[in-house]
Amino acid sequence: MSRTEAPPLPEPLRVPVADSHTHLDMQDGTVEEGLARAAAVNVTTVIQVGCDVAGSRWAAETAAAHASVHAAVALHPNEAPRIVHGDPDGRSRQGAREAGGTAALHEALAEIDALAALDHVRGVGETGLDCFRTGPEGMAAQEESFRAHIEIAKRHGKALVIHDREAHADVLRVLADAGAPERTVFHCYSGDADMARICADAGYFMSFAGNVTFKNAQPLRDALAVAPTELVLVETDAPFLTPAPYRGRPNAPYLIPVTLRAMAEVKGLDEDALAAAIADNTARAFDY
């Protein structure tokens, strides 16, 4: 089977559900085709997430054009240091860039703030901290950007969508220090069961992606097992993190049923009951 071949459509869910985090702009085919495939398996809503100014504008425009799409807008944690310090190697989709300093970061954040005011934008994210791709020299820019996004989310009454990669303690520290928005979502939850208990006590939503199905992901399944059902979401993070048995092939919102069924098994819940809970949770988290 080709690694580039799209996986087949799974058996449809009986209860409609939402993909709480996807990147339609990075997937093959048109938005309309992606939404139609998702709807065919009863994934009837998607949250389209921006990672930079251009992607956030695209997310807002796409949400305005499609009733089943809601947008989240932000500078990804790895985008902030690239704006400040430059990106000579062109590691992001924008290619090589000169250093813009904090003035350029503030300009980009002002754009995100303006987009966050739009009604069809339901979230501010993905923002947070990433110690995997950004070295120590970029962490100050990341944290400044993260704190600014927290304020933007609170100012506009929008959900905060968190990207936390190898930065659990620091993300929790900044949230506690700055004061988390009323609705906070840990996208692609990557902590352990102990952290899930901390998130649950704080009322943070935990969104699980296809990696919960991976063989080596027992700590994630342990976290899901203790996460309160009323705080659990499901996502693809497509085109990334395709669930087993399709790992390594392109992901898309229509594969949500594969992940949701694996999650229902971990939670010891009936598939329909978990789908209904997740549908309700996602609507509460993003206030739609």
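As shown above, the structure is provided for reference.
Predicted model only: the values in this text are computed from it and were never measured.

Enquirer: Talk me through the overall build of the chain; I want residue IDs and the actual numbers.
Expert: When helices and strands are counted, the chain shows 10 helices and 8 strands. Relative to the compact-globule value of 19 Å for 288 residues, the chain shows a C-alpha radius of gyration of 18 Å, a close match. Dimensions of the chain, computed from C-alpha atoms along their principal axes, come out at roughly 50 × 40 × 35 Å. The proportion of buried residues among the 288 residues of the chain is 55%. In the chain, of all internal contacts separated by at least 6 residues, the share reaching a separation of at least 24 is 71%.

Enquirer: I'd like a rundown of helix α5 (residues 139-156), residues and numbers included.
Expert: In this model α5 runs 26 Å from its N-terminal to its C-terminal C-alpha over 18 residues, within 8% of the 26 Å that 1.5 Å per residue would give. Listed as buried for α5 are Met139, Ala141, Gln142, Ser145, Phe146, His149, Ile150, Ile152 and Ala153. Where α5 is buried, its residues contact α3 (79-85), α4 (101-116), β4 (121-130), β5 (159-165) and α6 (168-178). Looking at the residues trailing α5, positive phi occurs at Gly157, about 65 degrees.

Enquirer: Quick rundown of the packing of aromatic side chains? Include the residues and the values.
Expert: For any pair of aromatic rings, geometry is given as the distance between the ring centres together with the angle between the planes. Going through the model one piece at a time under the given rule, you end up with 2 aromatic pairs. Note on Phe186 and Tyr204: the rings are 5.7 Å apart at their centroids and 35 degrees apart in plane angle, and the pair reads as tilted. Of this pair, Phe186 sits in strand β6 (residues 184-186) while Tyr204 sits in the loop between α7 (193-202) and β7 (205-208), and the two are 18 residues apart along the sequence. The two residues Phe186 and Tyr204 agree in class, both being buried. Considering the side-chain rings of Tyr189 and Phe208, the 5.4 Å spacing of their centres and the 45 degrees angle between planes classify their relative orientation as tilted. Residue Tyr189 is found in the loop between β6 and α7, and its partner Phe208 is found in strand β7; the two are separated by 19 residues along the sequence.

Enquirer: Outline the nonpolar core, supporting the account with residue identities and numerical values.
Expert: Core analysis: the biggest nonpolar cluster contains 82 residues, and Phe146, Leu175, Phe186, Tyr189, Phe208 and Met263 have the highest contact counts within it. Those residues in contact with Tyr189, other than ones at most four positions away along the chain, are Met195, Ala196, Cys199, Met206, Ser207, Phe208, Leu220 and Ala223.

Enquirer: Can you lay out the environment of Ala59 for me, pointing to particular residues and giving the numbers?
Expert: Turning to its location among the elements, Ala59 is positioned in helix α2 (residues 53-65). Given a relative accessible area of 0%, Ala59 falls into the buried group. Linking Ala59 and Val69, residues 10 residues apart in sequence, is a C-alpha distance of 8.8 Å. What Ala59 contacts, discounting residues up to four positions off in sequence, is Gln48, Gly50, Ala71 and Ala72.

Enquirer: Before we move on, could you go through the pattern of salt bridges and cite the residues and values that matter?
Expert: According to the stated counting rule, one finds 13 salt bridges in the structure shown. Between Glu143 and Arg173 there is a salt bridge, with its nearest N and O atoms 2.9 Å apart. Here the residue Glu143 occupies a position in helix α5, and Arg173 occupies one in helix α6, the gap between them amounting to 30 residues. A salt bridge links Arg261 to Glu271, with the shortest nitrogen-to-oxygen separation between them at 2.9 Å. Here Arg261, found in helix α9 (residues 256-267), pairs with Glu271, found in helix α10 (residues 271-286); they are 10 residues apart in sequence, far enough to count as distant. With relative accessibility at 23%, the residue Arg261 sits in the partly exposed group. Using a relative accessible area of 17% as the deciding quantity, one classes Glu271 as buried. Taken together, the shared-partner salt bridges in this structure form one network comprising Glu143, Arg147, Asp170, Arg173 and Asp177.

Enquirer: If you had to explain the side chain of Arg221 to someone new, which residues and values would you point to?
Expert: Position of Arg221 among the secondary structure elements: in helix α8 (residues 218-226). For the buried Arg221, no salt bridge exists, and the shortest N-O distance to an oppositely charged side chain is 6.6 Å, to Asp222. Apart from residues lying up to four places away in sequence, Arg221 is in contact with Val212, Thr213, Phe214, Lys215 and Val266.

Enquirer: An account of the sheet that holds β7 is requested, with residue identities and associated values reported.
Expert: The strand order β1-β2-β3-β4-β5-β6-β7-β8 describes an open sheet built from 8 strands, whose pairing is parallel. Strands with a single pairing partner mark the edges of an open sheet, and in this sheet they are β1 (17-22) and β8 (232-234). On average, each strand axis in the sheet is inclined to that of its neighbour by 30 degrees, with strand direction left out of account. Relative to β6, β5 runs parallel, the two being bridged by 3 bridges. Looking across to β6, one finds that Val161 is bridged to Val185. Strands in contact with α2 are β2 (43-49), β3 (69-73) and β4; relative to β3, the strand with the most contacts, it is inclined by about 160 degrees.

The rules behind the values
- Residues numbered from 1 in each chain as written.
- Predicted model: local features only at pLDDT ≥ 70, side-chain atom pairs only at ≥ 80, totals over all residues.
- Heavy atoms only, no water.
- Helix = DSSP H or I, 4+ residues; strand = E, 2+ residues; numbered from the N terminus.
- Rg over C-alpha atoms; globule rule 2.2 N^0.38 Å.
- Buried < 20%, exposed > 50% of the residue type's maximum accessible area, 1.4 Å probe, protein only.
- Contact = heavy atoms within 4.5 Å.
- Expected span 1.5 Å × (residues − 1).
- Phe/Tyr/Trp six-rings, centres within 6.5 Å; stacked < 30°, edge-to-face > 60°.
- Core = buried A, V, L, I, M, F, W, Y, C linked by side-chain atoms within 4.5 Å.
- Salt bridge = Lys/Arg side-chain N within 4 Å of Asp/Glu carboxyl O.
- Lys, Arg positive; Asp, Glu negative; His and termini not counted.
- Pairing = 2+ DSSP bridges.
- Axes fitted to C-alpha atoms, helices over the stretch in contact; angles between N-to-C directions.

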